[in-house]
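# A look at the structure
Below, each chain spelled out in residue letters.
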Amino acid sequence: MKILLTSLNTKYIHSNIAIRYLKDTVYPKYKCDTIDFTINQNSDEIIFQIIRGAYDIVGFSTYIWNVEMTLEICEKLKLINPNLIIFMGGPEVSFNSKEIIKNHPYVDYIMSGEGEESFLKLLDYVHGERKELPSGVVTLSDEEVVGNDIYQVVDLQNSKIEYTLDYIKDKKIVYYETSRGCPYNCEFCLSSSTGRVRFYPLERCLKDIKLFLDENVPLVKFIDRTFNFNKERSLTILKYIIDNDNNFTTFHLEIHPQLIDEDYLNLFRKARKDLFQFEVGVQSTNEDTCKAIKRVGDFETITRVCKEIMSFQNIHLHLDLIAGLPFEDLKSLRKSFNDILSIGPDKLQLGFLKVLKGSPIYYKAEQYEIVYDKKSPFEVISTKWISYMELQEVKKIEQMLDKYYNEGYFKNTINYLFENHYNDYYEFFLELGNYWDEKDYLFKNHSRDSLYKILKEFLIEREFKENDLLNELLIHDYVLTNGKVPWFLNPKKIESAKEHDLLRDEYVLEKISEHDVPAKKLIKNYIFLRYDYQILDDFKKEELLLIYRIKDRKYYDITESWR
């Protein structure tokens, strides 16, 4: 049998590890090909590649972002080759497998839950070596649905995946897990249905991590639902990463701040800058909401731990907020937004509730009067507490947050506005979003330069008294991001000797390493391009670090984001 395992990812840089698990678990008895497609490809191109491969069996890994396109592809594949055996697996078909198999007869089998052990038995069944349909697999027999539902691998030693050099070569992101399951029962999440946490052998994990470090993988993204659940184990892995750091690779981990103690914090202090990225799912600061969704933890602890981690200035912190949860109206959501942003995370991901089949909130949707799209990604439309139009306001906030905060391109400008003009962060992004709406900018594509121009327009229209300073901050932010001067922002040209003296008063000069080439290059370009040639004579001492003063006796290191 010639077998293909595939999936439609959201971007070409992503890869699907589920199909690798299946491939490596059934090898060497069965050999499988794997292909990573994307949802951005033409479906006919995908179909052509599959048909050209002359496969006997094709398996698809399905998620909310690809299930509809996958079903369309499956239907056409069956029309082209009625003898082709098609099966599906993944979270998007696991919890309604009987419904899908009944309504889509061109799909021959559906594997529900974790498929490594089920897949081997399914291939034996198709090959005629096994008479009974394996657990975790459903199919149609005489137009009747037969088979079992969710299957779970009890011993993860039976789940095999080999991260070969060929596989990780040139990959920007490698997805990895050291455990499965989650100790918590958040009602919006499918992980609440997986039961207890199971761990892969620690020796195997350390071996794989060493390979990623040796091969200079840019980003290793752990998909463990709560990485730091087992303290001894997680500290061992974190320490191993720090001790074997290659000064290049970054590790992304989802952690629960309630479990972070001094042992963790002391270890985090030692980490190289950008060795770790931490993601923390706050979701809401409304106590009634957190209780309803069974979210464990108090915001006071979350704030304390996150601010402590941020004080180390070496770890990227990413916090999550979900709109559309029970008991959260617009006023409450606004407070949750402001509460979380007050921590000052590097990124705040504002998402919208997805009512996922199999999650506890799916079964309570009617109780909570949650109206949601019946097609993927099953996103909330309204609830008992928040209307459709109010959620549209929040979507406007999300756009502005992503463009002007999360990317970090406007750090100095935004921080100044927060410190001097907007105690209510939500209000700033709402004003900016309304400005975009008024100017018909919301639904158009914009270059990065365009974002700077629009923000300058917005600041001018708001008539802030220190608009000259705000323009200077915009210029600095642009220089840091792009390494050149944005002439379209109309930077002031310094020409007179008096202005040179004023310039000297505005900057503090400190030594930097002679080996810090990026700093030397940027500062040289900045002074050389932004002002004039004469100014260089005033700074011919040693290598310089340029620090911009934005307020009396307060300094911002404008090189921090690129050094």
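Calculation criteria
Position numbers for residues count from 1 along each chain, tracking the sequence in the order it is written. Restriction of local features to residues with pLDDT of at least 70 applies here, the model being predicted, together with a cutoff of 80 or more for giving and counting side-chain atom pairs; totals for whole chains, interfaces and linings are based on all residues. Heavy atoms from the whole structure form the basis of all side-chain values; hydrogens and water molecules are not counted. The secondary structure listing takes helices from DSSP runs of H or I that are at least 4 residues long and strands from runs of E that are at least 2 residues long, numbered from the N terminus. Each residue gets one of three labels from its accessible area relative to the maximum for its type: buried under 20%, exposed over 50%, partly exposed in between, using a 1.4 Å probe on protein chains only. The criterion used for residue contact is that any of the two residues' heavy atoms lie within 4.5 Å. Whether two strands pair depends on DSSP finding at least two bridges between them. Lines fitted to the C-alpha atoms define the axes, with helices restricted to the stretch that makes contact. Angles between their N-to-C directions range from 0 to 180 degrees. Residues belong to one nonpolar core when they are buried, are Ala, Val, Leu, Ile, Met, Phe, Trp, Tyr or Cys, and are joined through side-chain atoms within 4.5 Å. Every residue gets a pLDDT, meaning the predictor's confidence in that residue, from 0 to 100. Think of it like this: strands point away, you trace from the first strand over the helix to the second, and a clockwise trace means the crossover is right-handed. We call Phe, Tyr and Trp rings a pair once their centres come within 6.5 Å, taking the six-membered ring for Trp, and we label the pair stacked below 30 degrees between planes, edge-to-face above 60, and tilted otherwise. Whether a charge sits over a ring comes down to the Lys NZ or Arg CZ being within 6 Å of the ring centre and within 35 degrees of the ring normal. Throughout this description, any angle smaller than 35 degrees is read as roughly parallel, any larger than 145 degrees as roughly antiparallel, any in the 65 to 115 degree range as roughly perpendicular, and the remainder as oblique. N or O atoms within 3.5 Å of each other form a polar contact, as long as, within protein, one can give a hydrogen and the other can take it, and as long as residues adjacent in sequence are counted only when both atoms are side-chain atoms. Patch definition: residues above 30% relative accessible area lacking any salt bridge, with like charges linked at up to 9 Å and the nonpolar side chains Val, Leu, Ile, Met, Phe, Trp and Tyr linked at up to 5 Å. Only the protein chains shown count as covering a residue, and every accessible area follows the Shrake-Rupley method with a 1.4 Å probe. Only one rule defines a salt bridge in this text: a Lys or Arg side-chain nitrogen within 4 Å of an Asp or Glu carboxyl oxygen. Charged-residue counts in this description rest on Lys and Arg as positive and Asp and Glu as negative, His and the chain ends being excluded. Where a charge lies is defined by one atom per residue type, namely NZ (Lys), CZ (Arg), CG (Asp) and CD (Glu).

### A word on the overall build of the chain
- A count of helical and extended segments in the chain gives 22 helices and 20 strands.
- Expressed as a percentage of the 563 residues in the chain, the buried residues total 53%.
- When contacts within the chain are restricted to residue pairs at least 6 apart in sequence, long-range pairs at least 24 apart make up 72% of them.

### Here we look at the sheet that holds strand β12 (residues 250-254)
- Read across the open sheet, the six strands follow the order β8-β11-β12-β13-β14-β15; overall the sheet is parallel. Strand pairing shows two members of the sheet lacking a second neighbour, β8 (173-176) and β15 (347-352), which therefore form its edges. Within the sheet, the average angular offset between the axes of one strand and its neighbour, ignoring direction, is 20°.
- Taken together, the seven bridges between strand β13 (residues 276-283) and strand β14 (residues 315-323) define a ladder with parallel strand orientation. Paired with E279 across the two strands is H318, which belongs to β14.

### Remarks on the nonpolar core
- In this structure, F268, F276, F337, Y404, F429 and W436 are the most contacted members of the largest nonpolar core, which totals 119 residues.
- Among the elements that line this core, the one with the most residues is helix α17 (residues 425-438), at eight residues.

### A word on the confidence of the model for the chain
- Per-residue confidence for the chain gives a mean pLDDT of 86, with 86% of residues at or over 70.
- The lowest-confidence element of the chain is strand β20 (residues 554-556), averaging 34 in pLDDT; the highest-confidence one is strand β17 (residues 380-382), averaging 98.
- Here residues 493-563 is a poorly scored stretch, pLDDT under 50, and it has 115 contacts once near neighbours within four places are set aside; other chains count.

### Things to note about unusual backbone geometry
- Here the bond from Y27 into P28 is cis, since omega is 10°, no more than 30 degrees from zero.
- You can see P28 is positioned in the loop between α1 (17-26) and β2 (32-38).
- The residue N216 is not glycine, and still its phi comes out positive at about 55°.
- Its place among the elements puts N216 in the loop between α8 (202-214) and β11 (219-222).
- N216 gets classed as partly exposed once you look at its relative accessible area, which sits at 40%.
- Within the chain, E463 stands out as a residue other than glycine whose phi angle is a positive 55°.
- Summarising the element assignment, E463 is placed in the loop between α18 (448-462) and α19 (467-482).
- Judged by relative accessible area, which is 68%, E463 ranks as exposed.

### Focus: the pairing of strand β1 (residues 3-9)
- A large share of β1 lies buried, amounting to seven of its seven residues.
- Here β1 shows no split at all, with I3, L5, S7 and N9 on one side and L4, T6 and L8 on the other all buried.
- Here β1 pairs with strand β3 (residues 57-61) via five bridges, running parallel. Each residue of the ladder has a partner; that of I3, found in β3, is I57.
- Of the pairings in the sheet, the one linking β1 to β2 comprises seven bridges and is parallel in character. Within β2, the residue paired with L4 across the bridge is D33.
- Handedness of the β1-α1-β2 crossover: right-handed.

### Considerations on the packing of aromatic side chains
- Under the defined criterion, the tally for this structure stands at 35 aromatic pairs.
- Seen from their ring centres, Y478 and F488 are 5.3 Å apart, and the 85° between their planes marks the pair as edge-to-face. Taken together, the positions of Y478 in helix α19 and F488 in the loop between α19 and α20 (497-506) put the pair 10 residues apart, joining distant regions of the chain.
- The exposure class of Y478 is buried, given its relative accessible area of 2%.
- It is R448 that lies over the ring of Y409; its NZ or CZ is 4.0 Å from the centre.
- Lying over the aromatic face of F488, K453 brings its terminal NZ or CZ to 5.1 Å of the ring centre.

### Let's talk about the sheet that holds strand β4 (residues 85-89)
- Read across the open sheet, the seven strands follow the order β2-β1-β3-β4-β5-β6-β7; overall the sheet is mixed. On the outer flanks of this sheet lie β2 and β7 (144-147), each paired with one strand and no other. Ignoring strand direction, the axes of neighbouring strands in this sheet form an average angle of 25°.
- Two strands pair when backbone bridges link them, and strand β5 (residues 109-111) and strand β6 (residues 137-141) are joined in this way by three bridges, in the antiparallel orientation. Across the sheet, residue M111 finds its bridge partner in β6, namely V137.
- Taken strand by strand, helix α3 (residues 67-80) contacts β1, β2, β3 and β4, and its axis lies near 170° from that of β4.

### Notes on the packing of helix α15 (residues 388-406) against α17
- Between α15 and α17, the least distance of the axes is 8 Å, while the angle of their chain directions is 100°. By the angle between their axes, α15 is roughly perpendicular relative to α17. Here α15 contributes E393, V394, K396, I397, M400, L401, K403, Y404 and Y405 to the contact with α17, which in turn contributes Y426, F429, L430, L432, G433, N434, W436 and D437.

### With respect to the environment of H318
- The residue H318 is located in strand β14 in this model.
- Its relative accessible area of 7% is what places H318 among the buried residues.
- Sequence spacing of H318 and H252 is 66 residues, and the spatial spacing of their C-alpha atoms is 9.8 Å.
- Leaving out residues up to four positions away in the same chain, H318 has contacts with H252, F278, E279, V280, K347 and Q349.
- A distance of 3.1 Å separates a polar atom in the side chain of H318 from a polar atom in the side chain of D320.

### A short note on a negative patch on the surface
- Together, E68, E72, E75 and D373 give the surface a local cluster of negative charge.
- Looking at the element boundaries, E68 is found in helix α3.
- Of the residues examined, E68 reaches a relative accessible area of 34% and is grouped as partly exposed.

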